[in-house]
Amino acid sequence: MRRPALPDASALPTGVALAVASVGGVSSAVQSAANAELGERVGNASFGAVVSTLAGSALIAAGLAAMPSMRRGLRALPRARLPWWTYLGGVCGALFVTIATYVVPAVGVAAFTIAQVTGGSFGGLAVDRAGLAPAGRLPLTAPRVGGAVLGVAAVVLAQVDRPIGDLAAGMLALGIIGGVAVALQGALNGRVSAATTNAAGTAVNFVTATPTVLVAGALLGAFGTGWSARLPTEWYLYTGGLLSVVIVACLLISVRAIGVLRTGLSVVAGQLTGALLLDAVIPTAPHATPAVLAGAALTVAAVALAGRGARPRTPAARS
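Residues numbered from 1 in each chain as written. Predicted model: local features only at pLDDT ≥ 70, side-chain atom pairs only at ≥ 80, totals over all residues. Heavy atoms only, no water.

Asks: Looking at this structure, I do not really get the overall build of the protein. What am I missing?
Replies: Looking only at helices and strands, the protein has nine helices and zero strands in total. In the protein, the succession of helices and strands from N to C terminus is α-α-α-α-α-α-α-α-α. When each of the 319 residues of the protein is scored for burial, the buried share is 48%. Contacts in the protein between residues at least 24 apart in sequence constitute 86% of all its contacts with a sequence separation of at least 6. Carbon and sulfur atoms make up 70% of the accessible area of the protein, which amounts to about 14200 Å² in all. (Helix = DSSP H or I, 4+ residues; strand = E, 2+ residues; numbered from the N terminus. Buried < 20%, exposed > 50% of the residue type's maximum accessible area, 1.4 Å probe, protein only. Contact = heavy atoms within 4.5 Å. Areas by Shrake-Rupley, 256 points an atom, 1.4 Å probe, with all protein chains shown as cover.)

Structure follows, in structure tokens:
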């Protein structure tokens, strides 16, 4: 059975796809700050992730009622005959959120970021090489490997003058696994989106992510007694759900056009940019250092380097 004709995000110009991924990175930086602050105010680190995921799911439910394209895309899924594991992108995202809850308090944000980017960069290489993303199988060329290495170096440079904390090997290994999970999330969600619509791919992500995050939150004590009395009133602390929808949509759009590795590096560039913006607008935040500015510039170079060489070979549609 031939797949129904659907909009092809892989036709996006490369520059547009890179910009979309960078927007996802900025959104990720802002979301992380909001979720962390919310969890700190309530007294449980995983609480922010739970609220963010539930709010994102509520937005998806509203979108399902208001967007015919989302309903059409979901109805097209059975005809796409995708393998069952392609629907687990949301589980990978939930795994990353849960890992961050454990690792960040133990080793600090800087060490976790380095571990995450390490896993994401080389996980992106592996995912692209295996052809799991809709962009097709991408070879392990010297520019792509060099771009991954340069991306890790950029984050290390950006954090060089910040406290690292206790470099526990086990926790850093979990951070690397979290980075690989993000790479898999983008690839799997991209496959679902390529078979249906971007809106349907986003919905499928939250269908699998929400129960996973709720179970993790329950195990980590997010639903303990007394949390309702400590809820802050600042509206911006509850924007994590909206930002999570933006992040997932940006990932699946850009992965289809430029592959997992370049998407991941562009997201890192956006995260560094978002961090600079947050440092500028939050009074208590540290000022941007030369190391952070140099790391942001080096990440842009990593994206450019990884884009050199062979173009992706998109798999033929199934008949």
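Now that the structure has been shown, the text picks up again.
Asks: Got a minute to help me understand the nonpolar core in this structure?
Replies: Side chains of a nonpolar character, in soluble globular proteins, are inclined to be buried together. With 11 residues, the main nonpolar core is built from Ala-17, Leu-18, Leu-125, Ala-148, Ala-257, Ile-258, Leu-261, Leu-265, Ala-302, Val-303 and Ala-306. Breaking this core down by element, the ones donating at least two residues are helix 1 (14–42), helix 8 (240–281) and helix 9 (290–306). Ranked by residues supplied to this core, first place goes to helix 8 with four residues. Every residue in contact with Ala-302, bar those within four places of it in the chain, is listed here: Gly-147, Leu-150, Gly-151 and Leu-265. Within the second largest apolar cluster, eight residues are counted, among which are Ile-60, Met-70, Ala-199 and Ala-203. (Core = buried A, V, L, I, M, F, W, Y, C linked by side-chain atoms within 4.5 Å.)

Asks: Help me understand the packing of aromatic side chains, please; the structure alone is not making it clear to me.
Replies: Between two aromatic rings, the relevant description is the distance of the centres plus the angle of the planes. A complete count under the given rule lists one aromatic pair for this structure. With a centroid separation of 6.0 Å and an interplanar angle of 85°, the aromatic rings of Trp-235 and Tyr-236 are classed as edge-to-face. For Trp-235, a relative accessible area of 66% corresponds to the exposed category. (Phe/Tyr/Trp six-rings, centres within 6.5 Å; stacked < 30°, edge-to-face > 60°.)

Asks: Quick question: what am I supposed to make of a nonpolar patch on the surface here?
Replies: Side chains of Trp-84, Trp-85, Leu-88 and Val-91 sit close together on the surface and give an oily, nonpolar patch of about 390 Å² of accessible area. Within the element layout of this structure, Trp-85 appears in the loop between helix 3 (68–80) and helix 4 (89–130). Looking at Trp-85, the relative accessible area reads 31%, which means it is partly exposed. (Patch = residues over 30% accessible without salt bridge, like charges linked within 9 Å, V, L, I, M, F, W, Y side chains within 5 Å. Salt bridge = Lys/Arg side-chain N within 4 Å of Asp/Glu carboxyl O.)

Asks: What exactly am I supposed to notice about the confidence of the model for the protein here?
Replies: Low pLDDT means the predicted coordinates in that region are not meant to be read closely. Here the protein averages 78 in pLDDT, and 81% of its residues register 70 or above. Every residue in residues 1–7 is under pLDDT 50, and counting partners more than four places away or in other chains gives 12 contacts. Considering only residues more than four positions removed or in separate chains, one finds that residues 310–319, a stretch of pLDDT under 50, has 23 contacts. (pLDDT = per-residue confidence, 0-100.)

Asks: Help me out: how do you make sense of the packing of helix 2 (residues 47–66) against helix 3 in this one?
Replies: Remark: helix 2 packs on helix 3, axes separated minimally by 5 Å, with the N-to-C direction vectors making an angle of 95°. The orientation of helix 2 relative to helix 3 falls into the category roughly perpendicular. Contacts between helix 2 and helix 3 pair Ile-60, Gly-63, Leu-64, Ala-65 and Ala-66 from the former with Pro-68, Met-70, Arg-71 and Leu-74 from the latter. Broken down by class, the residue content of the contact of helix 2 with helix 3 amounts to seven nonpolar, one polar and one charged. (Axes fitted to C-alpha atoms, helices over the stretch in contact; angles between N-to-C directions. Parallel < 35°, antiparallel > 145°, perpendicular 65-115°, else oblique. Nonpolar A, V, L, I, M, F, W, Y, C, P; charged D, E, K, R; others polar.)

Asks: Would you mind showing me how to read helix 7 (residues 198–219) here?
Replies: For an α-helix, the turn length of 3.6 residues means that residues three or four places apart are oriented alike. Taking 1.5 Å of rise per residue, the 22 residues of helix 7 would be expected to cover 32 Å, and the 32 Å separating its terminal C-alpha atoms lies within 8% of that figure. For helix 7, the principal kink sits at Ala-209 and spans about 30°; a proline, Pro-211, occurs within the next four residues. Count one or two residues on from helix 7 and you reach Gly-221, which has phi positive near 85°. (Expected span 1.5 Å × (residues − 1). Bend = angle between axes of the 7 residues up to and from the residue.)

Asks: What exactly am I supposed to notice about helix 2 here?
Replies: Over its 20 residues, helix 2 runs 29 Å from end to end, which matches the ideal 28 Å to within 8%, given 1.5 Å per residue. Taken residue by residue, helix 2 has Phe-47, Gly-48, Ala-49, Val-50, Ser-52, Thr-53, Gly-56, Ser-57, Ile-60 and Gly-63 as its buried positions.

Asks: Which parts of the structure should I look at to understand the UniProt feature "transmembrane region" (unreviewed entry) in the protein?
Replies: Mapped onto the present numbering, the UniProt feature "transmembrane region" (unreviewed entry) falls at residues 42–66, 87–115, 167–188, 200–223, 235–253, 265–285 and 291–310. Taken end to end, residues 42–66 is 84% helix and 0% strand, and its two terminal C-alpha atoms sit 33 Å from one another. Here residues 235–253 runs as 74% helix and 0% strand, with 28 Å between its end C-alpha atoms. (UniProt positions renumbered as here; feature names shortened; annotations may be inferred.)

Asks: Explain the pattern of salt bridges here, please?
Replies: Pairs can form between side chains of opposite charge whenever their charged atoms are close. As enumerated under the stated definition, the model contains two salt bridges in all. The salt bridge involving Arg-41 is made with Glu-37; its shortest N-O contact spans 2.8 Å. Note that Arg-41 and Glu-37 are positioned in helix 1 at a spacing of four residues, about one turn of the helix. Of the residues examined, Glu-37 reaches a relative accessible area of 29% and is grouped as partly exposed. Arg-41 is the partner of Glu-234 in a salt bridge, and the nearest nitrogen-oxygen pair spans 3.2 Å. Within this pair, whereas Glu-234 is found in the loop between helix 7 and helix 8, its partner Arg-41 is found in helix 1, the two being separated by 193 residues in sequence.

Asks: Looking at this structure, I do not really get the environment of Gly-179. What am I missing?
Replies: Structurally, Gly-179 can be placed in helix 6 (residues 169–195). Residues within four places of Gly-179 in sequence aside, it is in contact with Gln-116, Gly-119 and Gly-120.

Asks: Can you walk me through the environment of Gln-185 in this structure?
Replies: Looking at the secondary structure, you find Gln-185 in helix 6. The class of Gln-185 is buried, set by a relative accessible area of 10%. Measuring from C-alpha to C-alpha, the distance between Gln-185 and Val-260 comes to 9.5 Å, with 75 residues separating the pair along the chain. Ignoring any residue separated from it by four or fewer positions in sequence, one finds Gln-185 in contact with Gly-89, Cys-92, Gly-93, Asn-205, Val-248 and Leu-251.

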